[in-house]
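Chain by chain, the residues:
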Amino acid sequence: MKKVMMLLFAAVALSMPSQAQVKFGLKGGLNLTNISLSGSATENLKNKEGFHVGPTVKFTVPIVGLSFDASALYDQRSATISNDNAESTIKSQSLQVPINIRYGVGLGSIANVFAFAGPQFGFNLGDKTQKILDNAKDWTLKSSNLSANVGVGATILGHLQVTANYNFALGKTGEVDPLDVAKSAFGGKANAWQVSAAYFF
């Protein structure tokens, strides 16, 4: 079955260039991060802004309204964590690879509006473990993570694209190890509202 699926994927990939329209571009934008911690009643979080930037590609297939996009984005997110005694900033730096399916409606030759959704694969690029709260605890990021996107956007004059989406974690992004060894670590999830602009050449 696995071999059949691989052959089917290869056949589709080989047939697409003659039918699909491919455009390459550059994408960047703002992350409004929402990091949540489970199992903690003593820590407070204040979320901060971050950013993402990197190359992107769009595939338009010969089905009315349907297209796909994929990107390779350097992504930075952060939040301030505090308790009664100390305050620290926790950060994540990662390579994020979103792959979205899009359905759009044309507004003449000037613009196109679309909705999109899809998975996003993340790979940690920064320090995996950070000392926080006066070195009393560790914030440990996972080496990789899986999230998903849901959003809307518009393409103007065939080149400029603006989007807004919510990116939500499908598992733990990291863990905080408590000072009290009798307590278990509690997990954290980094979700984000994202506003992006891209230019396709």
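Definitions and cut-offs
- Residues numbered from 1 in each chain as written.
- Predicted model: local features only at pLDDT ≥ 70, side-chain atom pairs only at ≥ 80, totals over all residues.
- Heavy atoms only, no water.
- Helix = DSSP H or I, 4+ residues; strand = E, 2+ residues; numbered from the N terminus.
- Contact = heavy atoms within 4.5 Å.
- Areas by Shrake-Rupley, 256 points an atom, 1.4 Å probe, with all protein chains shown as cover.
- Pairing = 2+ DSSP bridges.
- Buried < 20%, exposed > 50% of the residue type's maximum accessible area, 1.4 Å probe, protein only.
- Lys, Arg positive; Asp, Glu negative; His and termini not counted.
- Salt bridge = Lys/Arg side-chain N within 4 Å of Asp/Glu carboxyl O.
- Core = buried A, V, L, I, M, F, W, Y, C linked by side-chain atoms within 4.5 Å.
- Phe/Tyr/Trp six-rings, centres within 6.5 Å; stacked < 30°, edge-to-face > 60°.
- Polar contact = N/O pair within 3.5 Å; in protein donor to acceptor, adjacent residues only side chain to side chain.

**Student:** Any details on the overall build of the chain? Residues and values, ideally.
**Tutor:** Counting secondary structure elements, the chain contains one helix and 13 strands. Each helix (α) and strand (β) of the chain, taken in turn from the N terminus, gives the series α-β-β-β-β-β-β-β-β-β-β-β-β-β. Expressed as a percentage of contacts within the chain between residues at least 6 apart in sequence, the contacts between residues at least 24 apart total 63%. With an accessible surface of roughly 11300 Å², the chain has 65% of that area assigned to carbon and sulfur atoms.

**Student:** Go over the pairing of strand E6 (residues 87-107) with me, naming the residues and quoting the values.
**Tutor:** Pairing geometry for strand E4 (residues 66-71) and E6, over five bridges, is antiparallel. When the sheet's bridge partners are listed, Leu 66 is paired in E6 with Tyr 103. In textbook terms, the turn of a hairpin is the stretch between consecutive antiparallel strands, and for strand E5 (residues 73-82) and E6 this stretch comprises four residues. Both E6 and strand E7 (residues 111-124) contribute to a ladder of 12 bridges, which runs antiparallel. Bridge assignment links Leu 95 to a residue of E7, and that residue is Phe 123. Here E6 hands over to E7 after three residues, with Gly 108 in that stretch at a positive phi of 75°.

**Student:** If you had to explain the side chain of Lys 27 to someone new, which residues and values would you point to?
**Tutor:** Mapping Lys 27 onto the fold places it in strand E1 (residues 21-37). Buried and without a salt bridge, Lys 27 has Asp 69 as its closest oppositely charged side chain, separated by 5.4 Å. Ignoring sequence-local partners within four residues, the contact set of Lys 27 consists of His 52, Val 53, Gly 54, Thr 56, Ser 71, Leu 73, Ser 196, Ala 197 and Ala 198.

**Student:** Explain the nonpolar core to me, using residue names and the numbers behind them.
**Tutor:** Counting residues in each nonpolar core, the largest one holds 12 residues, listed as Ile 35, Leu 37, Ala 79, Ile 81, Ala 86, Ile 90, Ile 132, Leu 133, Trp 139, Leu 141, Val 176 and Ala 190. Sorting the residues of this core by element identifies E1, E5 and strand E9 (137-141) as the ones contributing at least two each. Filtering out sequence-adjacent residues up to four positions away, Ile 90 remains in contact with Ile 35, Leu 45, Arg 77, Ser 78, Ala 79, Ile 81, Gln 130, Ile 132 and Trp 139.

**Student:** Pulling in residues and values, what's your account of the packing of aromatic side chains?
**Tutor:** Considering all chains together, one arrives at five aromatic pairs under this definition. Arranged with centres 5.8 Å apart and planes meeting at 50°, the rings of Phe 51 and Tyr 74 form a pair that is tilted. Taken together, the residues span a long stretch of sequence, with Phe 51 in strand E3 (residues 49-60) and Tyr 74 in strand E5 at a distance of 23 residues. For Tyr 74, a relative accessible area of 28% puts it in the partly exposed group.

**Student:** Got a sec to walk through the environment of Ser 71? Specific residues and values, please.
**Tutor:** Checked against the element boundaries, Ser 71 lands in strand E4. Looking at Ser 71, the relative accessible area reads 5%, which means it is buried. Separated by 44 residues in the primary sequence, Ser 71 and Lys 27 place their C-alpha atoms 8.0 Å from one another. Separated by 2.8 Å, the side chains of Ser 71 and Thr 56 make a polar contact.

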